Amino acid sequence: LNVNGDDAIELFFNGVVVDTFGDIAVDGSGQTWEYMDGWAYRQSGSMPSSAFQIGEWTFSGRNAVDGCTIDDTCGSSFPFKTFGVGTEPTKGPTACTCSHE
């Protein structure tokens, strides 16, 4: 998977779209869901959907991980391994390696 923050993403299961991020018919540059050099995170308590709902996502903002090498030292930490129904994300105990081009 190679995305740069302005790409829409569809998740398939057995050939059926089960979750969607962004509008697959639109280049996401300049869209409210763009997160170039950052991250997008499905909010805890929301459910996967084939219809994108921006209110179900949290965004780091553009260039939020520029210069970061690991999540624990990044100014905008991805809520790693924290998704759950009815729970709020917290910074996970396990660092993830972050990179950008």
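Residues numbered from 1 in each chain as written. Predicted model: local features only at pLDDT ≥ 70, side-chain atom pairs only at ≥ 80, totals over all residues. Heavy atoms only, no water.

## What to know about the side chain of Arg42
Then comes step 1: Mapped onto the secondary structure, Arg42 falls in strand β3 (residues 40–42).
Then comes step 2: For Arg42, the side chain forms a polar contact with the main-chain oxygen of Met47, separated by 3.1 Å.
Then comes step 3: Within the structure, the side chain of Arg42 is placed 2.9 Å from the side chain of Glu56, a separation counted as a polar contact. (Helix = DSSP H or I, 4+ residues; strand = E, 2+ residues; numbered from the N terminus. Polar contact = N/O pair within 3.5 Å; in protein donor to acceptor, adjacent residues only side chain to side chain.)

## Some words on the nonpolar core
Then comes step 1: Ranked by size, the top nonpolar core spans 6 residues in total: Phe21, Trp33, Tyr35, Ala40, Phe52 and Trp57.
Then comes step 2: By size, the runner-up hydrophobic cluster in this structure holds 5 residues, among which are Trp39, Val65, Cys68 and Cys74. (Core = buried A, V, L, I, M, F, W, Y, C linked by side-chain atoms within 4.5 Å. Buried < 20%, exposed > 50% of the residue type's maximum accessible area, 1.4 Å probe, protein only.)

## Regarding the environment of Ile24
Then comes step 1: Note on placement: Ile24 falls in the loop between β2 (16–21) and β3.
Then comes step 2: Judged by relative accessible area, which is 54%, Ile24 ranks as exposed.
Then comes step 3: Distance from Ile24 to Glu10, taken between C-alpha atoms, is 7.9 Å for residues 14 residues apart in sequence.

## Thoughts on the pairing of strand β1 (residues 9–13)
Then comes step 1: Relative to β2, β1 runs antiparallel, the two sharing 5 bridges. For Leu11, the partnering residue across the bridge sits in β2 and is Asp19.
Then comes step 2: The turn joining β1 and β2, which pair antiparallel and follow one another in sequence, is formed by 2 residues; a positive phi near 50° is taken by Asn14. (Pairing = 2+ DSSP bridges.)

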